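Okay, here's what each chain looks like letter by letter:
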Amino acid sequence: MDKLLKSSIHLKIIKFFHENQASIDTPRGVATWVGEDKTKVRKALEDLVSAKVLVAHRATSTTGYSYTRDENTIAKIEKYLKMNR
Amino acid sequence: MKEINNNVYQKELFDRLKKSIGLKKEQECIGCLLKPAAWWIVEAANPKIGDIEKTVSNICPYHKKHAIGKNKSCVRVLFKVIKKAQETKLIAKFDCVEGLHGFVYPIMQGDNLYGYIGTCYRKKDVPAEVINIFSAFTDTIVRETQKELELSKLYETIRPRAIALSTVHTVHRLISSTLDLNELLPRIARLSLQILRANRCSIKLIDSKRKTLLPKSTIDLRTKKVRLKKVRVGKYAPGKAVKFGRPIRGRDFLAVPLIDEDVIGVITIYDKIDKKPFSSFDQEIMSTMAEQAVIAIKNAQLYKEQEKLTIGSIKSLAKVLDTRAPGTYVPRASFLKIALAIGQEMRLDTESIKSLEYAAILHDAGEIVIPYEVLTKPSKLTGKEYAIVKEHPMAGVELIKHMKALKSVTPIILYHHENYDGTGYPKGLKKDQIPIGARIMAVVSAFEAMITKRPYRIIKNIDEAVDEIKRNSGTQFDPSVVVTFIAIINRKDIRQALEKELYG
């Protein structure tokens, strides 16, 4: 996760979900909110799922992504965002 | 409340004004014309004398040198001119006790006055042209700042709603993409837990007598073991939500009824992760979620009904056909199981597996065109008779072509007598040209024909039939299907079901 926090696009996505923890969105939606290219966002989302920062809700028509529920991960992200504000 | 909002607006406006690059540049430009000059801002429409004193102490270089009395006079001059600007809502000039000059500009929006911006400490009187330039500049800067603030407020208000709307849209897409209730209900439960950041969700549907709520999906993210409890309508939060047809909210629970034309069930969420009570906003979100969930659940229920109807029609058709040659068309459950298990093992998608199930029942339906004498002939068929037999896949397709639900079944029926090496019928297709469903059906139907009673063939036992299939791998049958078939047939559960059905 530390590596992902250093990438601008990953960090933007993490910030978005940290600020909107009830959100579930598609790659297209997330790309709109973070103002990045959809293809890059799609890849970054999958990286974040692998790092267990996001949860993927996969269906045949699309995949929805939501924020982790793991309190330790959330606390770690909170600390990082505060330090780098 | 309005006053609080106004105060918040005022504070934010001044925060932005103080950071405004435009204002800094203006002060630099006008400052050149008024040199030397000191600038100040009073952040109140109706400032108290204390506010003025604070301003003066911050900017006036004479303040610390003055005697207290002189300072007070200075503050009074400024207070007086601010009052004048407040009343006239126009720029007001003044001379301070040191004989220095300055002016006060009231910051307005429409009729509302928010504060003042001013300058002093100028040795000569401020020319009217400079005041006009300052006024025009400041008006523009204040208007720009106000617009920026309003846009930012609008963004702050709209963005969370747009994000919530996008979430609702995504949830709608996720739950509409399945028609399988066993997949749909846990998905709705998980998404509800995610949206409300809660720990437990239970979905209950009402029974046919409309007296009891039957648990259909319960997810508790804190434990793997969940108790599925029936609830009587009218009892506890879920029962009450159903009885009264409205959400029931408590500190640690939120039950929202699933209402179509009538109440069909309830979604109950328990225990927020942050341990906060459920809010009216949660209730609003869950009600929207329930509205979408009920449509998806009804669609899935209708699809299931439709499916039952289709399979019922197929079975009836198979029974009618079976009257011509008893034991030939009504498939044995174990053969269906084998066909489906091969499909699953070969990772076919859900729709293809369903098609395989229908095809397993109907693959020889076209034999209805074969005359009874040919169908039951115990000896070898003549060339003419064999030509008639070879027509049955096409006849089978003709038979079901008007049933739209069976469209995906037709390639399996049409090509299940094709051989892997291209020597089969009706088209002589080979290898991958033959649809995978038809290649699976070729193995299963040949196996079935070998071990069940047929007028033209001596029954083989299971092992003999399996050997025969193996021998024809690569010629009659797809080798990959044969490998999977052998693995399936050696499974204990399949073997037992087959033996029980065949030999009792």
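Residues numbered from 1 in each chain as written. Chains lettered and ligands numbered in written order. Predicted model: local features only at pLDDT ≥ 70, side-chain atom pairs only at ≥ 80, totals over all residues.

## Re the overall build of chain A
Point 1. For chain A, the count of helices and strands is five helices and three strands.
Point 2. When the helices and strands of chain A are placed in sequence order, the string is α-α-β-α-α-β-β-α.
Point 3. Expressed as a percentage of the 85 residues in chain A, the buried residues total 31%.
Point 4. Across chain A, contacts joining residues at least 24 apart in sequence account for 48% of those joining residues at least 6 apart. (Helix = DSSP H or I, 4+ residues; strand = E, 2+ residues; numbered from the N terminus. Buried ≥ 20, exposed ≤ 12 C-beta atoms within 10 Å, placed from the backbone. Contact = placed C-beta atoms within 7 Å.)

## Section: the overall build of chain B
Point 1. Summing up its helical and strand segments, chain B has 18 helices and 10 strands in all.
Point 2. Sorting the 504 residues of chain B into buried and exposed places 33% on the buried side.
Point 3. Long-range pairs, those at least 24 residues apart, make up 55% of the contacts in chain B with a sequence separation of at least 6.

## A word on the packing of helix α2 (residues 8-19) of chain A against helix α4 (residues 38-50) of chain A
All names here are of chain A.
Point 1. The contact between α2 and α4 brings their axes to 10 Å, and the two run at 70°. For the element pair α2 / α4, the angle class is roughly perpendicular. Two secondary-structure elements touch here, α2 through I9, H10, I13 and I14 and α4 through K40, V41, A44, L45, D47 and L48. (Axes fitted to C-alpha atoms, helices over the stretch in contact; angles between N-to-C directions. Parallel < 35°, antiparallel > 145°, perpendicular 65-115°, else oblique.)

## A few points about the nonpolar core
Point 1. In terms of nonpolar packing, the biggest core is built from 56 residues, with I13 of chain A together with I267, I269, M286 and A293 of chain B touching the most fellow members.
Point 2. Leaving out residues up to four positions away in the same chain, I13 of chain A has contacts with V30, V34, V41, A44, L45 and L48 of chain A.
Point 3. Grouped together as the second largest cluster of nonpolar side chains are 38 residues, I314, V397, I412 and I488 of chain B included. (Core = buried A, V, L, I, M, F, W, Y, C linked by C-beta atoms within 7 Å.)

## Section: the pairing of strand β5 (residues 198-206) of chain B
Residue and element names in this part refer to chain B.
Point 1. Pairing of β5 with strand β10 (residues 263-272), which is carried by seven bridges, proceeds in the antiparallel orientation. For R200, the partnering residue across the bridge sits in β10 and is Y270.
Point 2. Here β5 pairs with strand β6 (residues 212-220) via seven bridges, running antiparallel. The partner of R200 across the bridge, within β6, is D220.
Point 3. The antiparallel pairing of β5 with β6 creates a hairpin that spans five residues between the two strands, and R210 there sits at a positive phi of about 60°. (Pairing = 2+ DSSP bridges.)

## Observations regarding the sheet that holds strand β1 (residues 24-25) of chain A
Residue and element names in this part refer to chain A.
Point 1. Pairing in this open sheet of three strands is antiparallel, and the strands run β1-β3-β2 from one edge to the other. Looking along the sheet, the strands with just one partner apiece sit at the ends: β1 and β2 (54-58).
Point 2. Pairing between β2 and strand β3 (residues 63-67): five bridges, direction antiparallel. Bridging from a neighbouring strand, A56 pairs with Y65 of β3.

## Section: the interface of chain A and chain B
Point 1. Across the boundary between the two partners, chain A contributes 17 residues, which contact 16 residues of chain B.
Point 2. Every element with two or more residues in the side of chain A that touches chain B is listed here: β1, α3 (27-34) and β3 of chain A.
Point 3. Considered class by class, the residues forming the side of chain A that touches chain B number four nonpolar, 11 polar and two charged. (Nonpolar A, V, L, I, M, F, W, Y, C, P; charged D, E, K, R; others polar.)

## Structural notes on the packing of helix α8 (residues 280-322) of chain B against helix α10 (residues 350-362) of chain B
All names here are of chain B.
Point 1. Their axes nearest at 9 Å, the elements α8 and α10 cross at an angle of 20°. Considering their axes alone, α8 and α10 lie roughly parallel with respect to each other. Like other packed secondary-structure pairs, α8 and α10 cross with a definite hand, here left-handed. The segment α8 lies against α10, with I314, K315, L317 and A318 engaging Y358, I361 and L362.
Point 2. Within the contact of α8 with α10, the residues separate by chemical class into six nonpolar, no polar and one charged. (Left-handed = near helix turned anticlockwise from the far one by under 90°.)

## Here we look at the sheet that holds β10 of chain B
Pairing between the strands of a sheet is mediated by backbone hydrogen bonds and can be parallel or antiparallel.
Residue and element names in this part refer to chain B.
Point 1. The strand order β7-β6-β5-β10-β9-β8 describes an open sheet built from six strands, whose pairing is antiparallel. Since the sheet does not close on itself, it has two edges, and those belong to β7 (231-232) and β8 (248-249), each with one partner.
Point 2. On top of the sheet, α8 reaches β8, β9 (253-259) and β10; it is set at about 35° to β9, its chief contact.

## Notes on unusual backbone geometry
Point 1. Here Y425 of chain B and P426 of chain B are connected by a cis peptide whose omega angle stands at 10°.
Point 2. Relative to the elements of secondary structure, P426 of chain B occurs in the loop between α14 (410-415) and α15 (436-451).
Point 3. We note that K52 of chain A has phi near 65°; this positive angle belongs to a residue other than glycine.
Point 4. With respect to the helices and strands, K52 of chain A occurs in the loop between α4 and β2.
Point 5. Phi is positive for K431 of chain B, close to 45°, though the residue is something other than glycine.
Point 6. Structurally, the position occupied by K431 of chain B is in the loop between α14 and α15.
Point 7. K431 of chain B gets classed as exposed once you count the C-beta atoms within 10 Å, which come to 11.

## A short note on α2 of chain A
All names here are of chain A.
Point 1. Here α2 spans 16 Å end to end across 12 residues, near enough to the 16 Å set by a 1.5 Å rise per residue.
Point 2. Those residues of α2 not exposed but buried are H10, I13, I14 and F17. For α2, the angular spread of the buried residues around the axis is 100°, confining them to a single face. (Expected span 1.5 Å × (residues − 1). Arc of directions from axis to C-beta.)

## Considerations on the environment of S176 of chain B
Point 1. Note on placement: S176 of chain B falls in helix α5 (residues 128-176).
Point 2. For the pair S176 of chain B and N299 of chain B, spaced 123 residues apart in sequence, the C-alpha to C-alpha distance is 8.6 Å.

## Here's the deal with the confidence of the model for chain B
Reading predicted coordinates in detail is not appropriate for stretches of low pLDDT.
Point 1. When pLDDT is averaged across chain B, the result is 85; 93% of the residues are at 70 or more.
Point 2. Here the predicted complex scores 0.66 on pTM and 0.92 on ipTM. (pLDDT = per-residue confidence, 0-100.)

## Observations concerning the environment of V41 of chain A
Residue and element names in this part refer to chain A.
Point 1. Here V41 lies in helix α4.
Point 2. Judged by local crowding, V41 falls into the buried class, with 25 C-beta atoms found within 10 Å.
Point 3. In sequence terms V41 and H10 are 31 residues apart; their C-alpha atoms lie 8.1 Å from each other.
Point 4. For V41, the residues in contact, after removing those within four places along its chain, are I9, I13, P27, V30, A31, V34 and E36.

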